[in-house]
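Reading the structure
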Amino acid sequence: MKKVLILLIVLMTITTTGCKFIVPSTPVKPEEPPKPMEEPLPQPEEKTSLPEEVPEQRISDDGILHFPEGNITLLAYEDEMNLPETLGMALVEETTVLENADTFTGSHEKTLIYQDTRLVLFSPPQDGQRFYLINIETENENVTTNRGITLGDTLEDLQQAYPEVTRSLDGTTGTDGRYEMMFQENPYTYLFFFVEEGKVMKIQLLHEFP
């Protein structure tokens, strides 16, 4: 009888509470965050080919002639030197276009002649407006080189101030003639001294084109 009662109690408890079966749930895989859109790789910029700039030409102080009113420098541009103040007004001014000059055909050459000084200036074919000095010859008695040589100085004075000068042309007598110094940093560029009767009579700065 007791067993029957216990069985009834158990059945009543089950009926009242209900049976709950826990079904293991399948784990849900978390959603991955959306991948950011890949930005396109930057394309290298196309380089625009520009014309090469002509390097600025400079020369050592030996390429400077000192006049009483100013300085004249070989390879310097005309607008960098105050020529009217330094040399006065030119007696002759002539500009020509070079012909039959190989790679220099079409270039512009300007010649300025003063009382005791002659200048030659150059401008390439594509310019023709801005000229730079390629040749100066002077017999001005007051001109002085950067090392202190002036007209009338002796050959001994010249050789002492410029031990590197060499005689380049035969003279009429003795040691007279043209003495030259080449600029090591500027090929085809020279400083000339013209000696007569043992004294410096003319000075020239010259830049040649190869």
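Shown above is the structure to which this text applies.
A short tour of the structure in this document, coming up. Here the structure is a predicted model, which is why all the values come from computation and not from measurement.

Analysis parameters
Residues numbered from 1 in each chain as written. Predicted model: local features only at pLDDT ≥ 70, side-chain atom pairs only at ≥ 80, totals over all residues. Heavy atoms only, no water. Helix = DSSP H or I, 4+ residues; strand = E, 2+ residues; numbered from the N terminus. Buried < 20%, exposed > 50% of the residue type's maximum accessible area, 1.4 Å probe, protein only. Areas by Shrake-Rupley, 256 points an atom, 1.4 Å probe, with all protein chains shown as cover. Core = buried A, V, L, I, M, F, W, Y, C linked by side-chain atoms within 4.5 Å. Contact = heavy atoms within 4.5 Å. Pairing = 2+ DSSP bridges. Salt bridge = Lys/Arg side-chain N within 4 Å of Asp/Glu carboxyl O. Patch = residues over 30% accessible without salt bridge, like charges linked within 9 Å, V, L, I, M, F, W, Y side chains within 5 Å.

1. What to know about the overall build of the protein chain
The helix and strand tally for the protein chain stands at 3 helices and 11 strands. Counting across all 210 residues of the protein chain, residues that qualify as buried make up 33%. For the protein chain, the exposed area adds up to about 15,500 Å²; of that, 55% sits on carbon and sulfur atoms.

2. Some thoughts on the nonpolar core
Counting residues in each nonpolar core, the largest one holds 39 residues, and the members touching the most others are Leu119, Tyr162 and Phe193. Put simply, the parts of the chain that give this core at least two residues each are strand E1 (64-67), helix H2 (83-87), strand E5 (117-123), strand E6 (132-138), helix H3 (155-161), strand E9 (177-182), strand E10 (189-196) and strand E11 (199-207). Sequence-distant contacts of Phe193, defined by excluding residues within four places in its chain, comprise Thr145, Ile149, Leu158, Tyr162, Val165, Gly177, Arg178, Tyr179, Val200, Lys202 and Ile203.

3. Quick word on the environment of Gln159
Along the chain, Gln159 turns up in helix H3. As for Gln159 and Tyr179, which are separated by 20 residues in sequence, their C-alpha atoms are 9.5 Å apart.

4. Considerations on the sheet that holds strand E7 (residues 144-145)
Working definition: the strands of a sheet are paired by backbone hydrogen bonds and lie parallel or antiparallel to each other. Judged by pairing direction, the sheet is antiparallel, and its 3 strands sit side by side in the order E2-E1-E7 without closing on themselves. Strand pairing shows two members of the sheet lacking a second neighbour, strand E2 (70-73) and E7, which therefore form its edges. Where E1 meets E7, 2 bridges bridge the pair, whose relative direction is antiparallel. Each bridged residue has a counterpart across the sheet, and for Leu65 the counterpart in E7 is Thr145.

5. Points about the pattern of salt bridges
Scanning the model with the defined rule gives 8 salt bridges in all. Residue Glu137 is joined to Arg118 by a salt bridge in which the shortest nitrogen-to-oxygen separation is 3.4 Å. Separated by 19 residues along the polypeptide, Glu137 in strand E6 and Arg118 in strand E5 bring together distant segments of the chain. The exposure class of Arg118 is partly exposed, given its relative accessible area of 32%. Between Lys202 and Glu137 there is a salt bridge whose closest N-O contact spans 3.5 Å. Residue Lys202 is located in strand E11, and its partner Glu137 is located in strand E6; the two are separated by 65 residues in the primary sequence. Several salt bridges share partner residues, and in doing so they unite Asp62, Arg147 and Glu164 into one network.

6. Side note on a nonpolar patch on the surface
Side chains of Leu91, Val92 and Ile113 sit close together on the surface and give an oily, nonpolar patch of about 260 Å² of accessible area. Tracing the chain through its elements places Val92 in strand E3 (residues 92-97). Take Val92: its relative accessible area is 38%, and that puts it in the partly exposed class.

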